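# Chains, contacts and geometry: an overview
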Amino acid sequence: MPRRPGTGHLVRLLRSTLGDSLLGVCLHGSATLGGLRPHSDVDVLAVLREPATHDRRRVLVEELLKVSGVGDGLRPVELTLVVQGDVRPWRYPPVCDFLYGEWLREDFERGVTPGRGPSPDLATVLTMVLLADAPLYGPRPAELLDPVPEADLRRAIVAGVPELMGELATDTRNVLLTLARGWHTLATGAVRSKDAAAEWAVGRLPRAHRPALARARAVYLGHEEERWDGLDVAACARYLARMIRERQGV
């Protein structure tokens, strides 16, 4: 496989590793919401007939470690696996069968293999998959997945705030942008790209909090370096989190 992953290579990896259990593969995220940015992940969801075995999970991790990354011509991959029976019929919280993301790289390099578990954030992922309607293998997403009720999408966004706040120091740009997108979705009912949601949010932030989110957006677009000196990112994140919580029941 080449160092920079294309969707075709990811589909071939999934088909060769998961075999007949693989029902479908769908693209979502930035690639379907206005195009990949310099710091965008390649976001892929795969729907399975049954849970992946430990050996298959390990193969996926080992192969993704080779082709996913940041810099040096690499593009980060976020791969989510769900078992169809865990999300259809829909129930909350949904169960994620496997998750690979670059923010977990250190764990994977130490030999950690991701397992199954409840994942409120999956409600947002499945919503984006259904909206994108971009199958890479198998049928259209709506033939594999049930729609996520709006109430469950809203509570999933709120439920994800504590974990995001815990990652602020190590993943500042992504945390600020994800919080901004959560606020935007709760306020408007629409799911947009991170940079578009951040642009919306910057115009609604108190003046003191705008520079941190504006920097996160500029870094994401490749316009500025990832530097946070002189910016109170914690105060900005707290404000965004408060806006999300206040919109929970609206």
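Notes on the structure in this doc start here.

## Thoughts on the overall build of the protein
Per the secondary structure count, the protein includes 11 helices and seven strands. At 18 Å, the protein has a C-alpha radius of gyration in line with the 18 Å of a compact globule built from 250 residues. A principal-axis box enclosing the C-alpha atoms of the protein has dimensions of 55 × 40 × 30 Å. For the protein, the share of sequence-separated contacts (at least 6 apart) that also reach a separation of at least 24 residues comes to 66%.

## Concerning the sheet that holds strand β3 (residues 77–83)
Remark on secondary structure: sheet strands pair via backbone hydrogen bonds, oriented parallel or antiparallel. Sheet architecture is open: five strands sit in the order β5-β3-β2-β1-β7, paired in mixed fashion. Sheet topology places β5 (98–100) and β7 (134–137) at the edges, where each strand pairs with a single neighbour. Taken over all neighbouring pairs, the strand axes of this sheet differ in orientation by 20° on average, direction set aside. Relative to the sheet, helix α2 (residues 54–67) contacts β3 and β5, its axis offset from that of β5 by approximately 10°.

## Re helix α6 (residues 150–159)
Of the positions making up α6, those classed as buried are Asp152, Leu153, Arg154, Ala156, Ile157 and Val158. Buried residues belonging to α6 abut α5 (122–132), α7 (161–166), α8 (172–188) and α11 (233–247).

## Re the packing of α8 against α11
Where α8 contacts α11, the axes come no closer than 9 Å and their chain directions differ by 25°. One way to sum up the angle between α8 and α11 is to call them roughly parallel. Crossing hand, α8 versus α11: left-handed. Contact residues: Thr172, Leu176, Leu179, Ala180, Gly182, Trp183, Leu186 and Ala187 in α8; Val233, Cys236, Ala237, Tyr239, Leu240, Met243, Ile244 and Arg247 in α11. Residue composition of the contact of α8 with α11, grouped by class: 13 nonpolar, two polar and one charged.

What counts, and at which threshold
Residues numbered from 1 in each chain as written. Predicted model: local features only at pLDDT ≥ 70, side-chain atom pairs only at ≥ 80, totals over all residues. Heavy atoms only, no water. Helix = DSSP H or I, 4+ residues; strand = E, 2+ residues; numbered from the N terminus. Rg over C-alpha atoms; globule rule 2.2 N^0.38 Å. Contact = heavy atoms within 4.5 Å. Pairing = 2+ DSSP bridges. Axes fitted to C-alpha atoms, helices over the stretch in contact; angles between N-to-C directions. Buried < 20%, exposed > 50% of the residue type's maximum accessible area, 1.4 Å probe, protein only. Parallel < 35°, antiparallel > 145°, perpendicular 65-115°, else oblique. Left-handed = near helix turned anticlockwise from the far one by under 90°. Nonpolar A, V, L, I, M, F, W, Y, C, P; charged D, E, K, R; others polar.

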